[in-house]
Amino acid sequence: MILRVAPGDPHSIHEEAMAETGAKSDIAESRTDLIEYLEQGSKPVADWRIGTEHEKFGFFHADLRSIPYEGAAGVRAVLEGLQRFGWKPKYEGDNVISLGLGQQAVTLEPGGQLELSGAPLETLHQTCDEVHSHLDQVREVAEGLGIGFLGLGFQPKWRIEETPVMPKGRYGIMRRYMPTRGRLGLDMMFRTATVQVNLDFGSEADMVKKFRVALALQPIATALFANSPFGEGRPNGFLSYRNYIWSDTDPDRTGLLPFVFEDGMSFERYVDYALDVPMYFVHRGEDYVDASGQSFRDFLAGELPALPGQRPTLQDWEDHLTTLFPEARLKTFLEMRGADGGPWRRLCALPALWTGLFYDQGALDDAWQLCCDWTMEERAALAREVPRRALKAQHRGRPVLDWAAEVVKIAGEGLKRRARLDSFGDNETHFLDALRSVIDAGHTPAEDLLEAYETRWQGSVDPLFDEYAY
């Protein structure tokens, strides 16, 4: 049974509609309620949507430093400037911390990375239009402030001590807790940027198959999108340093989730995994209650030390699910999380890759056939090697480049069969052209950056801020 309580302040703009009905303020009385919450994500094919998220670094043109929150040309000024386009602000105390426009949101990452959380859209044409419109708006506001935004997987120039801290309560809790779990957790928070896509599933069986394909092929996506070879002004020894960072962030909540490939994988099994991941916080009104290291199982029993006697709402459960960081993540949809941030064309290519694989049954079957017999040891070895060598990494005696070519081919065939046309009669396959270019060249975006650093940039990362800004 679920007990209803008064609706609280929604945690994110996406959730306002449900929060207004009280749906996410329902008390979760048992583990069954948590399982049912995930089960409700199953949708008929006609209702499947594409949701794209991407992050970017703000910087001053004058000295390339990261922009702070306050100030005439800070993050707050950008958020206020975007309101001219109809975006509505959301506050934490006196600080604007996010914007909403319909089903879209602009939010802040811990180091000031600006993120667009896109609306759930039917086609990649709509998704790419959304990305283009957002970047145009950000550029218009930024140019008037003397700042720019950069698409890259890792902050290429500034030390973590030189990175501004955003005024969001949850980040203070995470900032204290992260160093107790891994060496690179604060780097993850403050100096990384990604592009990801959120996609739907039709049933538990469909979720399981997609989840397995997502986890197995995530290193392939990481290789194709590798775009973080610099740190603190010089090469860092990796092609996707952002991806490597996850290997030393928090072992409780990261990784390739071996249990997903085991017999009996289900919504219930994922709930048990999530219940075993220590908590970060509980959101109450405008406050974040520090529950770091505490157990959601205790919360479910009304025995959480941070809030004795209280039981979780479904919103608390959703908040907890967002603090899990595996390479692919389950909520009421699946999130593909393996790609570095990048320029405009690759922001459209990432959703194209996974939509092509997941939203055509033949493509999904072919993708699973490609990786269904990979062992956990092989998947783990691939994930370890890709951050350094990307497409030149070896898997089963073949370079990852060969595997990537097969994956992109399958995705293209899936998009062609999907046959979602734009006003010119073109299907969605051209959104994969950025990846086909990577495959044809045989090297990653990161390697292009390194070549420029060694040649025409003459050992400096500074030109990157001009050439690769949005």
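Predicted model, so just to flag it, every value in this text is computed and none were measured. Each residue is numbered by its place in its chain's sequence as written, counting from 1. With the structure being a predicted model, the display of local features is reserved for residues of pLDDT at least 70 and the display and counting of side-chain atom pairs for 80 or more, all residues being used for whole-chain, interface and lining totals. With hydrogens and water stripped out, all remaining heavy atoms of the structure feed into the side-chain values.

Caption draft 1: The arrangement of the state of the cysteines in detail. We call a pair of cysteine sulfur atoms a disulfide whenever their separation is within 2.5 Å. In this structure the tally under the stated criterion is 1 disulfide. Here Cys 128 engages in a disulfide with Cys 348; their sulfurs sit 1.9 Å apart. Handedness of the Cys 128-Cys 348 disulfide follows from its S-S torsion of about 85°: it is right-handed. Placement of Cys 128 in helix α4 (residues 124-145) and of Cys 348 in helix α12 (residues 344-358) is noted, with a sequence separation of 220 residues between them. For the unlinked cysteine Cys 372, the closest cysteine sulfur is that of Cys 371, found at 6.8 Å. Numbering of helices and strands starts at the N terminus; helices are DSSP runs of H or I of at least 4 residues and strands are runs of E of at least 2.

Caption draft 2: Focus on helix α14 (residues 376-389). Expected helix span is taken as 1.5 Å per residue step, with the number of steps being one fewer than the number of residues. Between its terminal C-alpha atoms α14 stretches 20 Å, which fits the 20 Å expected from 14 residues at 1.5 Å a residue. Type-normalised accessible area, obtained with a 1.4 Å probe on protein chains alone, sets the label of each residue: buried when under 20%, exposed when over 50%, and partly exposed for intermediate values. Every buried residue of α14 is accounted for by Arg 379, Leu 382, Val 386 and Pro 387. The buried residues of α14 occupy an angular sector of 120° when the element is viewed end-on, so they sit on one face. Turned more than 90 degrees away from the buried face of α14, the exposed residues are Glu 377 and Arg 384. Lining the buried residues of α14 we find α7 (204-224), α8 (241-245), β16 (394-395) and α15 (400-418). The arc in question is the one traced by the directions running from the helix axis out to the C-beta atoms. Throughout, a residue-residue contact means that at least one pair of heavy atoms, one from each residue, lies within 4.5 Å.

Caption draft 3: Spotlight on the nonpolar core. Nonpolar cores are built from buried Ala, Val, Leu, Ile, Met, Phe, Trp, Tyr and Cys residues. Side-chain atoms within 4.5 Å join them into one set. Ranked by internal contacts, the top residues of the largest apolar core, which has 116 residues, are Phe 211, Tyr 270, Leu 353 and Trp 354. A per-element tally of this core places α7 first, with 12 residues. If sequence neighbours within four positions are ignored, Leu 353 has contacts with Ala 221, Phe 225, Val 407, Val 408, Ala 411, Leu 432 and Leu 435. Phe 154, Tyr 171, Ile 173 and Tyr 177 belong to the second largest nonpolar core, which has 18 residues in total.

Caption draft 4: Representation of the environment of Leu 370 within the structure. With respect to the element layout, Leu 370 can be found in helix α13 (residues 361-371). Along the sequence, Leu 370 and Val 213 sit 157 residues apart, while their C-alpha atoms lie 9.1 Å from each other. Leave out the neighbours within four places in its chain, and Leu 370 touches Trp 403, Glu 406, Val 407 and Ile 410.

Caption draft 5: Broad picture of the packing of helix α9 (residues 267-275) against helix α11 (residues 314-321). Between N-to-C directions, angles cover 0 to 180 degrees, with each direction set by a line fitted to C-alpha atoms, over the stretch in contact for helices. With their axes 11 Å apart at the nearest point, α9 and α11 run at an angle of 80° to one another. The angle between α9 and α11 falls in the class roughly perpendicular. Facing α9, whose interface residues are Tyr 270, Val 271, Ala 274 and Leu 275, α11 presents Trp 317, His 320 and Leu 321. Here the term charged refers only to Asp, Glu, Lys and Arg, the term nonpolar to Ala, Val, Leu, Ile, Met, Phe, Trp, Tyr, Cys and Pro, and the term polar to all other amino acids, Gly among them. The class makeup of the residues in the contact of α9 with α11 is 6 nonpolar, 1 polar and no charged. Roughly parallel covers angles under 35 degrees, roughly antiparallel covers those over 145, roughly perpendicular covers 65 to 115, and oblique covers all other angles.

Caption draft 6: Seen up close, the pairing of strand β2 (residues 88-92). Two elements, β2 and strand β3 (residues 95-101), share 5 bridges in a ladder whose sense is antiparallel. Within β3, the residue paired with Lys 88 across the bridge is Gly 100. A strand pair is defined by DSSP finding two or more bridges across the two strands.

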